[in-house]
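One-letter residues, chain by chain:
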Amino acid sequence: MSLMGALAATRFGLGAKDGDIQSASADPEGWLHAQLVQMAGKDFPDAPLKSSQAHMTDAFAYIQHKRAQTADEAVERAFRDSARQTTIAEITARTSYATTTENAFHERLVRFWSNHFTVAATSPQTRLVVGAYEREAIRPNILGRFTDLAQTAIFHPGMLIYLNNAQSVGPNSRAGKRRGRGLNENLAREVMELHTVTPASGYTQADVTAFAKALTGWLVGNHRIERNRIGRSVFSDLLHEPGRQTILGKRYSDTGGEQAKSIVEDLCASPHTAKNIAYKLARHFIADVPPESLVDKLSASFLETGGDLKALYTTLIQSDEAWTAEPRKVKTPDELIISTGRLLGLKRVLAGDARRVFESFAQIPFTAPSPEGWPDDAAAWTGPDALMKRIEWANRIGEQNSTLDARQLLDAALGARASNAAIQAVMRAESPSQAIALALMSPDFQMR
């Protein structure tokens, strides 16, 4: 097994399960390239999971019930329990798939983009749709153009609800004049600040406001508006702010729902967006402070190909900077749990309660603390309390799996990446359970 094969499985993938490093070692770059096909993620187990439209239909039915009747605690409790169970089912399916898939590089990319275009379970409605949002907006679009991915994510019901665009009304629209309601700028601000051009582009508050006006009218069909398309993303001219809008010096005619989409298209094509995506991709895969040379290569690829994401990943895979032997990324709790699950099997790691284990590490899937997503640097995950939790967890895993051979596990997990220090620590352990704990807590396994 080669070092390059080990890097392919552990740095680009989600951690090695038995045989992964050996498979990747024959042709590490080819092993990764083979996962950049649409079929790579087609086996995700989404059959028992409901669509966002079905969930939103249920949510609006609940809202109608509340409006029509006096407070009913049983109905309220049932709805909130349904939202909670939906989240648990989505977490379970997502986690199980990540620990078993043969296309771990593809799955890591899904998670990268899901974090970039974050939707979090901050309310009963978003709890219902956050998993469906990832399945519908992110998974099918990570190999196409960035613009297509961005458009699908930004105008998905989950994002429209999460960032309050469904409540945004053009002040001079027909509905705005009658209701006295106004703009909500959350979606416009986050699209510019986080998803695309960033403040480096020099946009102003006036640009954000103009973009927010263009976004008015985009909402989720409900019993009051577009009732024939309940639960779907729809555009209603009734709520749309009329007139032209100017963003970053360019004027956009009032073309209804297409006005906002044209703005997103141009934001996605900006060199500032290219730099933003290049930096975040390099930071995620290579180092908290990525090599400037790699960021430049990725940014150039993005611009030259019109945001072709498959070409972008190819540039990453073929760069010398991506294959340095030294590990420079600390695993997030999610990455640590998944990589351990791929090594030991999910049941040994989660003991049937995925949410509880993730909660103990303060990183429950689909609950990012802000639209910025989960932090992607070591400082966020290596404080004294966080490290103590990792040690306690490793000791518990060791005690529960003391019949396993830690030396064999280290070899399967890291291959040629396993250092002499890690091997010696495992070999000198006082007990089998301690040996497993030391293997899991070794810097080699904790980093990628």
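Scroll up a little and you will see the structure.
Counting starts from 1 at the beginning of each chain's written sequence and moves along it residue by residue. It should be noted that, the model being predicted, local features are given only for residues of pLDDT at least 70 and side-chain atom pairs only at 80 or more, the latter also being counted only at that level, while totals for whole chains, interfaces and linings use all residues. Note: side-chain values were computed over all heavy atoms of the structure, leaving out hydrogens and water.

J.: In this structure, what is going on with the overall build of the chain? I would like to understand it.
T.: A tally of regular secondary structure across the chain gives 24 helices and four strands. Its C-alpha radius of gyration of 23 Å places the chain within 12% of the 22 Å reference for a compact globule of 448 residues. With the C-alpha coordinates of the chain rotated into their principal frame, the extents come out at 75 × 55 × 40 Å. The buried label goes to any residue with under 20% of its type's maximum accessible area, the exposed label to any with over 50%, and the partly exposed label to all in between, with areas taken from a 1.4 Å probe on protein chains only. The buried share of the chain, taken over its 448 residues, is 55%. Any two residues whose heavy atoms approach within 4.5 Å are treated as being in contact. The long-range fraction of contacts in the chain, counting pairs at least 24 apart against all pairs at least 6 apart in sequence, stands at 71%. Accessible area for the chain stands at about 18500 Å²; split by element, carbon and sulfur atoms hold 50% of it. Only four residue types enter the tally: Lys and Arg on the positive side, Asp and Glu on the negative side, with His and both chain ends excluded. For charged residues, the charge sits on one atom: NZ in Lys, CZ in Arg, CG in Asp, CD in Glu. Each charge sign in the chain was given a centre, from 51 positive and 50 negative side chains, and these centres are 6 Å apart. For the purposes of this entry, the term helix denotes a DSSP run of H or I that reaches at least four residues, the term strand denotes a run of E that reaches at least two, and both are numbered from the N terminus. Our radius of gyration looks at C-alpha atoms and nothing else; its globule reference is 2.2 Å times the residue count to the power 0.38. The protein chains shown are the only cover counted for residues, whose accessible areas, like all others here, come from Shrake-Rupley with a 1.4 Å probe.

J.: Looking at this structure, how should I read the packing of helix 12 (residues 205-215) against helix 13 (residues 257-268)?
T.: Relative orientation and spacing of two packed helices are given, respectively, by the angle between their axes and the distance between those axes. To get an axis, fit a line to the C-alpha atoms, keeping to the stretch in contact for a helix; angles then go from 0 to 180 degrees between the N-to-C directions. At a minimum axis distance of 7 Å, the contact between helix 12 and helix 13 shows a crossing angle of 135 degrees. As summarised for this structure, helix 12 and helix 13 are arranged oblique, according to the angle between their axes. Seen from above, helix 12 lies across helix 13 with left-handed handedness. From helix 12, F211, A214 and L215 reach across to helix 13, where they touch Q259, A260, I263, V264 and L267. For this classification, Asp, Glu, Lys and Arg are treated as charged, while Ala, Val, Leu, Ile, Met, Phe, Trp, Tyr, Cys and Pro are nonpolar and the rest, including Gly, are polar. Class assignment for the residues of the contact of helix 12 with helix 13 results in seven nonpolar, one polar and no charged. Should an angle fall under 35 degrees it is taken as roughly parallel, and over 145 as roughly antiparallel, whereas 65 to 115 is taken as roughly perpendicular and any remaining angle as oblique. The crossing is said to be left-handed when, going from far helix to near helix, the turn is anticlockwise and less than a right angle, and right-handed when the turn is clockwise.

J.: Can you help me understand the pattern of salt bridges in this one?
T.: Pairing between side chains becomes possible if they bear opposite charge and their charged atoms approach one another. Put simply, a salt bridge is a Lys or Arg side-chain nitrogen that is within 4 Å of an Asp or Glu carboxyl oxygen. The final tally for this structure, using the stated rule, is 21 salt bridges. Of the charged contacts in the structure, one is a salt bridge between E134 and R94, with a shortest N-O distance of 3.0 Å. Of this pair, E134 sits in helix 7 (residues 124-138) while R94 is found in helix 5 (residues 73-100), placing the two residues 40 residues apart along the sequence. A salt bridge links K250 to D266; the nearest nitrogen and oxygen atoms lie 2.8 Å apart. With a gap of 16 residues between them, K250 in strand 4 (residues 250-252) and D266 in helix 13 connect regions that are remote in the sequence. You can call K250 partly exposed: its relative accessible area is 42%. Judged by relative accessible area, which is 30%, D266 ranks as partly exposed. Residues joined in a network through salt bridges with shared partners are R94, E107, R111, E134, R139 and D334.

J.: Any chance you could explain unusual backbone geometry here in plain terms?
T.: Both trends apply: most residues other than glycine have a negative phi, and most peptide bonds are in trans. At L248, a position not held by glycine, the phi torsion is positive, near 50 degrees. The residue L248 is located in the loop between strand 3 (245-247) and strand 4 in this model. Classification of L248 by relative accessible area gives partly exposed; the value is 36%.

J.: Which parts of the structure should I look at to understand the side chain of Q151?
T.: Here Q151 is to be found in helix 8 (residues 146-154). Within 3.5 Å is the distance limit for a polar contact, defined as a pair of N or O atoms, with the added protein rule that one can donate a hydrogen and the other accept it, and that residues adjacent in sequence qualify only through two side-chain atoms. Polar side-chain contacts of Q151 include one of 2.9 Å to the backbone oxygen of K261. Not counting residues within four places of it along the chain, the set of residues in contact with Q151 comprises K261, V264 and E265.

J.: Looking at this structure, how should I read the side chain of E321?
T.: Assignment of secondary structure puts E321 in the loop between helix 16 (309-318) and helix 17 (333-344). Within the local environment of E321, its side chain forms a polar contact with the side chain of K297, the two groups lying 3.0 Å apart. Ignoring any residue separated from it by four or fewer positions in sequence, one finds E321 in contact with I286, P291, S293, L294, K297 and R328.

J.: What is the right way to look at the packing of aromatic side chains in this model?
T.: For any pair of aromatic rings, the description rests on two quantities: the centre-to-centre distance and the angle between the ring planes. Only rings of Phe, Tyr and Trp enter the pairing, Trp through its six-membered ring, and a pair is recorded when the two centres are within 6.5 Å. The plane angle decides the type: under 30 degrees is stacked, over 60 is edge-to-face, the rest tilted. The final tally for this structure, using the stated rule, is 15 aromatic pairs. Arranged with centres 5.9 Å apart and planes meeting at 75 degrees, the rings of F105 and F285 form a pair that is edge-to-face. Linking F105 in helix 6 (residues 104-116) with F285 in helix 14 (residues 271-285), this pair joins segments that are 180 residues apart in sequence. Here F105 matches F285 in class, with each residue buried. Following the ring pairs from residue to residue traces out a cluster consisting of F112, W113, F117, F146 and F302. Against the face of F44 rests R139, its NZ or CZ located 3.9 Å from the ring centre. For a Lys NZ or an Arg CZ to count as sitting over a ring, it must be within 6 Å of the ring centre and within 35 degrees of the ring normal.

J.: Help me out: how do you make sense of helix 1 (residues 3-12) in this one?
T.: Three- or four-residue spacings in an α-helix give side chains the same orientation, since the helix completes a turn every 3.6 residues. Burial runs high along helix 1: eight of the ten residues are buried. Three or more residues of helix 1 are buried, namely G5, A6, L7, A8, A9, T10, R11 and F12. The secondary structure elements touched by the buried residues of helix 1 are helix 2 (20-25), helix 3 (28-33), helix 6, helix 14, helix 16 and helix 21 (406-414).

J.: Just checking my understanding: could you explain helix 4 (residues 52-68) for this structure?
T.: With 17 residues, helix 4 extends 24 Å between its outermost C-alpha atoms, agreeing within 8% with the 24 Å of an ideal straight helix rising 1.5 Å per residue. Within helix 4, the full set of buried residues consists of S52, H55, M56, A59, F60 and Y62. End-on view of helix 4: buried residues confined to an arc of 155 degrees, all on one side of the axis. Contacts from the buried residues of helix 4 go to helix 5, helix 7, helix 9 (157-162) and strand 1 (218-220). Any helix carries an expected span of 1.5 Å times its number of residues minus one. Regarding the arc, it is the one traced by the directions from the helix axis to the C-beta atoms.

J.: Hey, could you run me through the nonpolar core in this one?
T.: Side chains of a nonpolar character, in soluble globular proteins, are inclined to be buried together. Buried Ala, Val, Leu, Ile, Met, Phe, Trp, Tyr and Cys residues that are joined via side-chain atoms within 4.5 Å together make up what is termed a nonpolar core. In this structure, W113, F117, F211 and Y313 are the most contacted members of the largest nonpolar core, which totals 120 residues. With near-sequence residues (within four places) excluded, Y313 lies in contact with L36, F105, L109, W113, I142, L143 and L281. In this structure, V169, I225, V234 and L239 belong to the second largest nonpolar core, which totals seven residues.

Any functional reading would require information that these geometric values do not contain.
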